[in-house]
Amino acid sequence: IAHEVGHIKGAHIINMNINIKNAIAEALFYSAAGALIALTGGGASAAIITGMGVGSQVAEKRFLGYTRTQEREADFHASETLLKLKSSGAGAIAVFEKFKELETRHVDVRKIDQYSTTHPFSDDRLEYFKRKFEGIEYKPNFREDLQVKHTLVLAKLAGYFNNMQNLFSYSFLKDEEAKLYFEGWNEFRKTRFPQAAAIFSQLSSKNPKHPHFYEAIAFAFQKNQEFEKSIVFYHKALSLSPKNFNFMFGISESYFLKGDYKMAIKYMTEAMLQEPYNPQVPYKLASFYNASGEFLIAKIFFLESEVLLQRYSKAKELLKQIKMDDDFKNNNISLNYKKKVLIIEELLKNK
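As a starting point, this report considers the structure included with it. Given the structure is predicted, the values throughout are model-derived calculations rather than measurements.

Considering the overall build of the protein
Okay, so step 1: Counting its regular elements, the protein contains 17 helices and 0 strands.
Okay, so step 2: Out of the 351 residues in the protein, the part that is buried amounts to 37%.
Okay, so step 3: Excluding contacts between residues fewer than 6 apart, the proportion of contacts in the protein whose partners are at least 24 apart in sequence is 56%.
Okay, so step 4: Surface summary for the protein: the accessible area is close to 21400 Å², and the carbon and sulfur share equals 57%.

This is how it looks when you write it as structure tokens:
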């Protein structure tokens, strides 16, 4: 996590676009140079081809150099963050030992040109973290509640994706609750939704205070198109965790599929309070309002979704349609919606 935060802190995604443009510009320079040689009497086709070949190779190596530098910067940020938190490099060291093992299992690293890779070699990164944390004692602050959650997450991932070979740990198989959770999601993956719901029900009977077991039952019933049952179990999950975004999102979906647009809108609106910048929420609200026949409000939420996705050209077209709508011009909508549109209009002026 500290490594990925390092990418964000270093604005690497933003800078990536600049680096790509620079690499392309360099490639075009060499291609143009080849064409110039051809025009001034050099071997035409050979010069152009040579220029293009050299250009693409230089651009590729320059771009890969950027990405390797970014990875090193992110590793540096990760190590500094762990040290400030008085944490250990044990996790990073374990990860890179695993990466090194995978690399050496599939390829002979010694035969690879280090300048043709997007990341530094795992062996080098491993040595960096070993040096950084050499002599630092680590006293873990073990929290059993987090360990239980982590075990259940592993079980769900293994069951849902049927991809156990890529997991670092199979510890969940030793835990009766987590093993059942894995079996439930494995049935879910096979689209055997009643069987999945039955397994999740066993878990909720044994542990009635765990909201995610009720959510799993609700999701299985939703996929089996038993929306009434799904809603009942989503309500049970929400009674234990009232502000959980996923539970609100799920129950609104079940209400919508049941045809109760009013309740679907109610819960999706509450979900929006938890994640106001999630573009999926206004998109869903647009669908719900559209289905209920409130087309102008649907367009306003669709506009918001497009803005959050940074699709500004499409947003500007939608904004024109909304402002031309008679209900909008005659103020036949709530003042809050009118304000929302005006705020978005102001924002789009600079886009």
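A word on the packing of aromatic side chains
Okay, so step 1: According to the stated counting rule, one finds 23 aromatic pairs in the structure shown.
Okay, so step 2: Three or more aromatic residues joined by ring pairs form one cluster here, namely Y160, F161, Y181, W185, F188, F193, F200, F213 and F219.
Okay, so step 3: Here the basic side chain of K266 rests over the ring of Y267, its NZ or CZ set 4.2 Å away from the ring centre.
Okay, so step 4: A cation over a ring is seen here: K338 above F328, with NZ or CZ 4.0 Å from the ring centre.

Digging into helix 9 (residues 211-223)
Okay, so step 1: For helix 9, which comprises 13 residues, the first-to-last C-alpha distance of 19 Å matches the rise-based estimate of 18 Å (1.5 Å per residue) to within 8%.
Okay, so step 2: Burial analysis of helix 9 places 10 of its 13 residues in the buried class, the great majority of the element.
Okay, so step 3: Looking only at helix 9, the buried set comprises P211, F213, Y214, E215, A216, I217, A218, A220, F221 and Q222.
Okay, so step 4: Here the buried face of helix 9 lies against helix 6 (144-161), helix 7 (176-189), helix 8 (193-206), helix 10 (227-240) and helix 11 (245-258).

Notes on the environment of K132
Okay, so step 1: Tracing the sequence through the fold places K132 in helix 5 (residues 122-132).
Okay, so step 2: Here the alpha-carbon distance between K132 and E80, two residues 52 residues apart in the chain, equals 9.1 Å.
Okay, so step 3: Those residues in contact with K132 that lie beyond four places of it in its chain are F76, S79, E80 and L83.
Okay, so step 4: Within the structure, the side chain of K132 is placed 2.9 Å from the side chain of E80, a separation counted as a polar contact.

Here we look at the nonpolar core
Okay, so step 1: Grouped together as the largest cluster of nonpolar side chains are 63 residues, with contacts concentrated most on Y181, F200, L285, Y289, F301 and L303.
Okay, so step 2: Those residues in contact with Y181, other than ones at most four positions away along the chain, are L152, A155, K156, F200, L203, H212, F213 and A216.
Okay, so step 3: Core analysis: the second largest hydrophobic core is formed by 9 residues, A2, A78, F129 and F133 among them.

As for the environment of S313
Okay, so step 1: Along the chain, S313 falls in helix 15 (residues 312-324).
Okay, so step 2: On a C-alpha basis, the gap between S313 and K351 in space is 8.6 Å, while along the polypeptide they are 38 residues apart.

Focus on the packing of helix 7 against helix 8
Okay, so step 1: Their axes nearest at 7 Å, the elements helix 7 and helix 8 cross at an angle of 160°. Judged by the inter-axis angle, helix 7 sits roughly antiparallel to helix 8. Relative to helix 8, the crossing made by helix 7 is left-handed. The residues of helix 8 that touch helix 7, namely those facing E176, E177, L180, Y181, E183, G184, W185, E187 and F188, are F193, Q195, A196, I199, F200, Q202, L203 and K206.
Okay, so step 2: Taken together, the residues that form the contact of helix 7 with helix 8 break down as 9 nonpolar, 3 polar and 5 charged.

Quick word on the packing of helix 10 against helix 11
Okay, so step 1: Where helix 10 contacts helix 11, the two axes come as close as 9 Å, and the packing angle between them is 160°. In terms of axis orientation, helix 10 runs roughly antiparallel to helix 11. Our pair here, helix 10 against helix 11, has a crossing hand that is left-handed. Residues F227, E228, S230, I231, Y234, H235, A237 and L238 of helix 10 lie in contact with helix 11, whose contacting residues are F247, M248, G250, I251, S254, Y255, L257 and K258.
Okay, so step 2: Of the residues that constitute the contact of helix 10 with helix 11, the class distribution is 10 nonpolar, 4 polar and 2 charged.

Some details on helix 5
Okay, so step 1: The complete set of buried residues in helix 5 reads S122, R125, L126 and F129. Burial along helix 5 is one-sided: seen end-on, the buried residues are contained in an arc of 105°.

Here we look at the pattern of salt bridges
A side chain of one charge can pair with a side chain of the opposite charge if their charged atoms are brought near each other.
Okay, so step 1: In the structure shown here, the tally under the stated rule is 17 salt bridges.
Okay, so step 2: Its salt-bridge partner being D75, residue R125 comes within 2.7 Å of it at the nearest N-O pair. Taken together, the residues R125 in helix 5 and D75 in helix 3 (residues 44-84) connect sequence positions 50 residues apart.
Okay, so step 3: Take D75: its relative accessible area is 5%, and that puts it in the buried class.
Okay, so step 4: In this structure, the salt-bridge partner of K320 is E317, at a minimum N-O distance of 3.8 Å. With K320 and E317 both in helix 15 and 3 residues apart, the pair spans about one turn of that helix.

What counts as what
- Residues numbered from 1 in each chain as written.
- Predicted model: local features only at pLDDT ≥ 70, side-chain atom pairs only at ≥ 80, totals over all residues.
- Heavy atoms only, no water.
- Helix = DSSP H or I, 4+ residues; strand = E, 2+ residues; numbered from the N terminus.
- Buried < 20%, exposed > 50% of the residue type's maximum accessible area, 1.4 Å probe, protein only.
- Contact = heavy atoms within 4.5 Å.
- Areas by Shrake-Rupley, 256 points an atom, 1.4 Å probe, with all protein chains shown as cover.
- Phe/Tyr/Trp six-rings, centres within 6.5 Å; stacked < 30°, edge-to-face > 60°.
- Lys NZ or Arg CZ within 6 Å of the ring centre and 35° of its normal.
- Expected span 1.5 Å × (residues − 1).
- Polar contact = N/O pair within 3.5 Å; in protein donor to acceptor, adjacent residues only side chain to side chain.
- Core = buried A, V, L, I, M, F, W, Y, C linked by side-chain atoms within 4.5 Å.
- Axes fitted to C-alpha atoms, helices over the stretch in contact; angles between N-to-C directions.
- Parallel < 35°, antiparallel > 145°, perpendicular 65-115°, else oblique.
- Left-handed = near helix turned anticlockwise from the far one by under 90°.
- Nonpolar A, V, L, I, M, F, W, Y, C, P; charged D, E, K, R; others polar.
- Arc of directions from axis to C-beta.
- Salt bridge = Lys/Arg side-chain N within 4 Å of Asp/Glu carboxyl O.

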